[in-house]
Each structure stands twice: as C-alpha cells, then as structure tokens.
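Notes for the structure review
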Amino acid sequence: MESATIKDVVHAPAATAVDLSTSIGSFHLPAPTMTASGCAAAGAELAPYLDLAALGAVVTKSVLRDPRSGRATPRMAETPSGMLNSIGLQGPGIDSFLEHDLPVLAEAGARVVVSIAGGDADEFGELAGRLAALGPESPVGAIEVNISCPNVANRGLVFACDTGASRAVLDAVSSAVSSAAAATGRPALPVLAKLSPDVTDLVAVARACTDGGATGLTAINTTLGMVIDPVTLRPQLAGVTGGTSGPAIRPIAVRCIWQLTAAKRAGVLPDVPIVGAGGVASGADALQLIAVGACAVQVGTATFADPSAPARVARELEAELARRGVARLADVVGIAHEPGRGITRSTDL
Amino acid sequence: MSRTTTAPAGVQEAAEVVSARPVGAYTHLVLHAPEAARRAQPGQFVACGVGDSGMLLRRSLSLHAADPVAGTLEVVVAAAGPGTRLLAAKRPGDVVPTTAPLGRPFPIPEAGTPGVVIGGGYGAAPLPWLARVLTAQGSRVVGIVGAASADRLLGTSAVDDATALDGIADALVVTTDDGSLGAPGRVTDALPEVLLELADLGDPWVYACGPMPMLRSVHTTTREVLGQGARTWLAVEESMACGVGVCMTCVLPVAQDDDDGVRRTRMLRACTAGPVFDGDALRWDAIGAAPHLRGGALVPDDAVGAPTAMGGH
C-alpha cells in the first residue's frame, strides 16, 4: 500500500490537537457535537454526566407556546439497533422554559440551540420572536425549527412533508428573527430547519426552507415506524406510530446529508451549513455524517444508553481525525463528494 | 413532593460482575460499582447495558443492596425478555455498563412508625434493605411477599436465605396464588390483618414493589382498612429507555399540590420523580385504563396541557 495521500488537507503531527471548531452562520462552536432535540430534555439532566459548556451546543427538547402533557403510554418500543418513541412533544411551554430551564443552561455556560414546534406558522413565529428578543447575555445561539410536528390546519400532517407548509413556517420564523435583529441591532439568530426523511423529494423541502429564510439545515429527524404488540396484536405504542431512531437509521441520515450536499454543490440549494443527526453513537459514526457534508453532528438516541455520549463522540471524533493526520475538522466536511481528496491508505485505520 | 424536586444524579461505571447465582426463578448479580455503592439508598435503581449492540437501551433494575465498603451493588434479574436474559446470563468477570444510583429512594418515616413491606415476585428485591433501615430506627416491620406460584417467589428463606426478609422483618407472610407455598391468595389478602395489628403502634407506612395491579390493590386495601391514616409508597416498574430523565418515555399521571396550593396532574417521569410514588398521588383512574395498552396509562382530561378536541398530540 502507498502512504497516505490527502490532497489539500492540512496534515498535523499525530500528537497535535485537532481543530474541531465549526460555525453555523454567526454561531461559533468550539466543538462539533451537540445533543439532539428530544434526547436531552432541557439539558440540565445531562450535567452530571458531561460538561455542558464543552459541548458544541445543547439542543433543547422542542418548546411550544403552551404546556403540553404529551401522549399516553407506552411511549417507547425497542427495535433492532434502534427504538420508536411517541412522546407527543411533552413540555412546560415557553414561559416556563425561559423562567426555569434556560437560566440553568446559562449558569452552566452552555451554548444553546432552542428547538421550537407549533401547530401553525403563527405559533412558530411567536416562539422565534420571544427567543430572538432575549438579551445579549442569553445563551441562545440558534433556533432549530421542528417542522416534523402536526400541522393543525392540515389534518395533522406534519409541516415537513409539504413544501408550502414548510416554507410558511420558515417565513414566519425568519421574519420574527429579522425583526428582532433590526430592533436590537444584533446579528439575526441562525435558523436551522430540521428535516424529515419521510419525504419523496428532500431537496425540494430543503429548498422551500431556505427560500423561507432558513440559514441552515438539520438532517435528519426520526423516520416514522410502528411495532405490533405480540400478545394483543395491536399497536404497541399508545400513539400508534412512533419516530424510529438509533443506529438503524444512520444509513438514511448519511444518504440524506449526501443528497443535500450534492444539491448545494450543484447550485440547487444555497450554501447553508448542514447539521447531521441520525444514529450517531461513536466518533466513527460522526465522521460518516461529516464526510458527506455535515459541519456539526447531533448525538441523540445514544444518549439514552450513555448519558455522556455527546461529549464522548467529540473525543472519539478528534481521535479519528488525529489518526488520519487531519488538522482541522473543516477539511473533511463533504470530503466524500470529492474523488481524489479522500484518504487512500487504510492499512493503519 | 414538590414538582421541582428531582432525583439525585447517578454516576456511570463499567461494573465488573463479582458473582452471579440463581435465586429461585431469578439471578442474583453482584456488581463492582464503588462510587454508586457509596451513594445508593433503598428504593433506587441501576440502569444496565445488556452488552448487545443491537439492543441499545438500558435495563433498569431495582437495587437489592449496596455495600459501600466492598464497593458493590446487588440486583435480582428476572429474565423476562431478550435484554434481561442477557443480563441474567452474566458471569463473574463480565463487565456491565451501569448508571447508578438513580431515582428517589423510599421515604423513611419518623422513628418507631410501623411499616409493612410488600413484594410481588422479584419486586421483593429491595425490601430486606428497606426493612433493615426501618427496624434499625425502631420500627416494627412486617413483610408480605407473594407470587403466582412458589417458583416465582423472592424474599423468603424458602427460596433463598441471603435475599430473604426472614430475620430482618419482625414477621413475614408468604402468599401464592396457587397455594404452592404459604397462604393461598394474593398479598393483599394478607394485608388487612397486618394493617390492623400494626395500627395499634401508630399509622403504618406501607411500601410495595411489584406489578401495577398489585400496587393499585395495596393502595385500595390500605385505604379501605385504615381510612386516611396510613401512607403508601409504591415503587413502580415503568418501561424506560434512559433512566436519567431525558427520554420522557416512563411517565405516569401524578397529582400534586403546586406552590399555589392547587392540585394539578402532570405526566411525571418515573425515573426522576419516582420510582417511588405516594399512592394517593397516582391517578388510578388513568393508569391501566386502556387494556390494549398493556401496562400503559392514559392522560387524564384534566392534566396540565392535556390534548383538546382542537388538537391531538
């Protein structure tokens, strides 16, 4: 075998720390791993197991306007290399979130991405406006828009399955964020649209989101699944269907991020940052998502088994890059799309 | 219980299996987890990885005992599914990823308050430890352990001395549904006589661990026999993915007085608000109310943020 050849990639001596910093618009992250929405509650629950301030960001459970009980139980079913969840967006509402949860994250020194959800575009806009109006001392660095929640006006179909509905939500969010930025003179909060893989044309939905003002994309949310109880022969989840997550859906995430990045490279999508999510449980997993185009990675379901996983994955990713002599994470973002730039030697990997 | 009160956090340890031995139908495991062993209290649990990359989720097991000197946690595993079967098959030297101690422990009453500790099947696992704490502070403690049949019992020396309540509780009643050991019938058939005997010493605190129908019956029976005097503390066994409060799958409808004095029902996490709940706080009208949802609970219509006709969840 030949020695390693990584054209255009800056090599680092093996012992040197890898530069893992990344950015989502104006939101600078010293580390590339985040929690994933719905897998870290409000964030504070993980503080005993990892340093919240050392994560790239804490992504909160989706926040809605009003308190919400969520669904009946059972809410969970284990599946091969994954699980289904059907929580129903349980949460205390934006007032309680701002009063009780966000200050704890600020105190911990965390950077925060607040996930928002709503039943119509107005609710999304209102929530985004509340967050964008927070003072400069706020730990909120970006908003993630959970468009995989039911659209009350459209038979409960999720916004993310429809380009028009997705665009309307992002329009509402981005105009609220822009208004707040104009009023305060501070830069507008970056807005990530979290995409569902359960669509026929992912790039079309992504384009609708960026047309609506999304400045970044998160890919992917869970994919809809179902399990039948072997005894009752009825759906095992009280909510009937649930979101499938875990390593079982990682190939779907890799495929989606590949498609989005290919569309950016072809000029079909604007050049917005992509945050990867889907079945990441190790640094090697994260590197797959990064290689196809993610500039940061969320660690979700793995946190249920290992509450320190978001921090552990960052350490493992650093080791993966150092082992390949890569000095900067940014050098391998999207490298899978570039024949000849990849690492050709594998003997010591 | 205040709404803001949450459980003390656990610690992650790669726990080596020190010993594994069959106890009746179950497996008793001793795990080396010194930091957790230092912190653990009766009623708390340990979340265990099963060691199969295809089965991601932790299995939460009630702690049978913790020895801070030896640095060990003890659990009794019932091999009920593929994950617990793997745990029950662990041998000395195997390593189990653990997060412990999790959940809120059993509340302990004023010294001298009489206690009843009730276990259904392997639910008896935490009772000897709890009974020891209660008797050490001068409480008279009566144990009741039951199961469908003798081979599913735990907590009696008829099954195993080391995990038994014999010699720790002041008295022990054994029941089996089929009469194969002890008194024929359910634990709650034996409960009224025990409650009436102990009530002479003060309002008893009744602790129970086992399947939800048994917990409901313990609560109902206690209220029927003693009115509002006694307290019931019920350790629930809910399906949970994480055990640390982030997945929101293990919730139950629980009614509590808020700071404004108004009693409100919320879907609370069994892992952080429980697993031990005040029997009066559980919304029995919603728990187990839908037979096709085995072990599930509905959201009461009056719960905070319950679904409305306008928008389901």
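Residues numbered from 1 in each chain as written. Chains lettered and ligands numbered in written order. Predicted model: local features only at pLDDT ≥ 70, side-chain atom pairs only at ≥ 80, totals over all residues. Heavy atoms only, no water.

Residue and element names in this part refer to chain B. Between the first and last C-alpha of helix α4 (residues 187-199) there are 18 Å, a value that for 13 residues agrees with the 18 Å anticipated at 1.5 Å per step. Looking only at α4, the buried set comprises V187, T188, A190, L191, V194, L195 and L198. Close packing links the buried residues of α4 with β7 (115-120), β8 (141-147), β9 (171-176), β11 (205-209) and α5 (212-226). (Helix = DSSP H or I, 4+ residues; strand = E, 2+ residues; numbered from the N terminus. Expected span 1.5 Å × (residues − 1). Buried < 20%, exposed > 50% of the residue type's maximum accessible area, 1.4 Å probe, protein only. Contact = heavy atoms within 4.5 Å.)

Residue and element names in this part refer to chain A. Residues annotated by UniProt as "active site" (unreviewed entry) correspond here to C149. Relative to the helices and strands, C149 is located in the loop between β8 (140-146) and α3 (163-184). Look at C149 and you get buried, because its relative accessible area is 2%. Excluding residues within four positions of it along the chain, C149 makes contact with L89, A117, G118, F124, L157, V158 and F159. (UniProt positions renumbered as here; feature names shortened; annotations may be inferred.)

Per the UniProt entry, the sites bearing "binding site: [2Fe-2S] cluster" (unreviewed entry) are C242(B), C247(B), C250(B) and C271(B) in this numbering. A compact arrangement is adopted by the annotated residues: their sequence extent is 30 residues, whereas the largest C-alpha distance between any two is 9.9 Å. Summarising the element assignment, C242(B) is placed in the loop between β12 (231-235) and β13 (251-257). C242(B) has contacts with F304(A), A47(B) and C247(B), leaving out every residue within four places of it along the chain. Looking at the element boundaries, C271(B) is found in the loop between β14 (263-269) and β15 (276-278).

The interface of chain B with chain A comprises 40 residues on the first partner and 43 residues on the second. A buried area of about 3,400 Å², summed over both sides, lies between chain B and chain A, and 58% of it is on carbon and sulfur atoms. The interface formed by chain B and chain A contains 2 salt bridges. Close ionic contact of E78(A) with R59(B) constitutes a salt bridge, the shortest N to O distance being 2.6 Å. The tally of links between chain B and chain A comes to 13 residue pairs in polar contact (both at pLDDT 80 or more). Listed by contribution, the elements that provide at least two residues to the side of chain B that touches chain A are β1 (11-23), β6 (95-102) and β14 of chain B. (Buried area = accessible area lost by both parts, 1.4 Å probe. Salt bridge = Lys/Arg side-chain N within 4 Å of Asp/Glu carboxyl O. Polar contact = N/O pair within 3.5 Å; in protein donor to acceptor, adjacent residues only side chain to side chain.)

A separate point is the UniProt feature "binding site: substrate" (unreviewed entry) in chain A. All names here are of chain A. Under the UniProt annotation, "binding site: substrate" (unreviewed entry) lies at K61, N85, S86, I87, G88, L89, N146, N221 and T222. You can see G88 is positioned in the loop between β6 (82-85) and α1 (94-107). Along the chain, T222 turns up in the loop between β10 (216-219) and β11 (223-225). Excluding residues within four positions of it along the chain, T222 makes contact with N85, P197, D198, G243, T244, S245 and I249.

A grouping of M226(A), I228(A), L233(A) and V240(A) is seen on the molecular surface, where their side chains present a nonpolar patch of about 380 Å² in accessible area. Checked against the element boundaries, I228(A) lands in the loop between β11 and β12 (242-245). (Patch = residues over 30% accessible without salt bridge, like charges linked within 9 Å, V, L, I, M, F, W, Y side chains within 5 Å. Areas by Shrake-Rupley, 256 points an atom, 1.4 Å probe, with all protein chains shown as cover.)

It is worth spelling out α5(B) at this point. Residue and element names in this part refer to chain B. With 15 residues, α5 should reach 21 Å at 1.5 Å per residue; the first-to-last C-alpha distance of 21 Å fits that figure. M212, M214, L215, V218, H219, T221, T222, R223 and L226 are the residues of α5 that are buried. Those residues of α5 hidden inside the fold are in contact with β7, α4, β11, β12 and β13. Directly after α5, the chain includes G227, whose backbone phi takes a positive value near 65°.

To continue, consider the sheet that holds strand β5 (residues 76-79) of chain A. Residues and elements named next belong to chain A. Read across the sheet, 4 strands follow the order β5-β6-β12-β11 without closing on themselves; strand pairing throughout is antiparallel. Only two strands of the sheet have a single neighbouring strand rather than two, namely β5 and β11. On average, each strand axis in the sheet is tilted by 35° relative to the strand beside it, whichever way the strands run. Bridge analysis of β5 against β6 gives 4 bridges, and the strand direction is antiparallel. Bridge pairing in β6 places E78 opposite M83. (Pairing = 2+ DSSP bridges. Axes fitted to C-alpha atoms, helices over the stretch in contact; angles between N-to-C directions.)

What follows covers the side chain of T156(B). Residues and elements named next belong to chain B. Mapped onto the elements, T156 comes out in the loop between β8 and β9. A polar contact is formed between the side chain of T156 and the backbone nitrogen of A158, at a distance of 3.0 Å. Other than its neighbours up to four places away in sequence, T156 contacts V145, A164, D166, L172 and V174.

Attention now goes to the sheet that holds strand β13 (residues 274-277) of chain A. Residues and elements named next belong to chain A. Ordered by their spatial adjacency, 8 strands build an open sheet running β3-β14-β13-β10-β9-β8-β7-β4, and the pairing between neighbours is parallel. Of all the strands in the sheet, the pair left with one neighbour each is β3 (33-35) and β4 (58-59). Note: strand β7 (residues 112-116) against β8, 5 bridges, orientation parallel. Counterpart to V113 in the pairing with β8 is A142.

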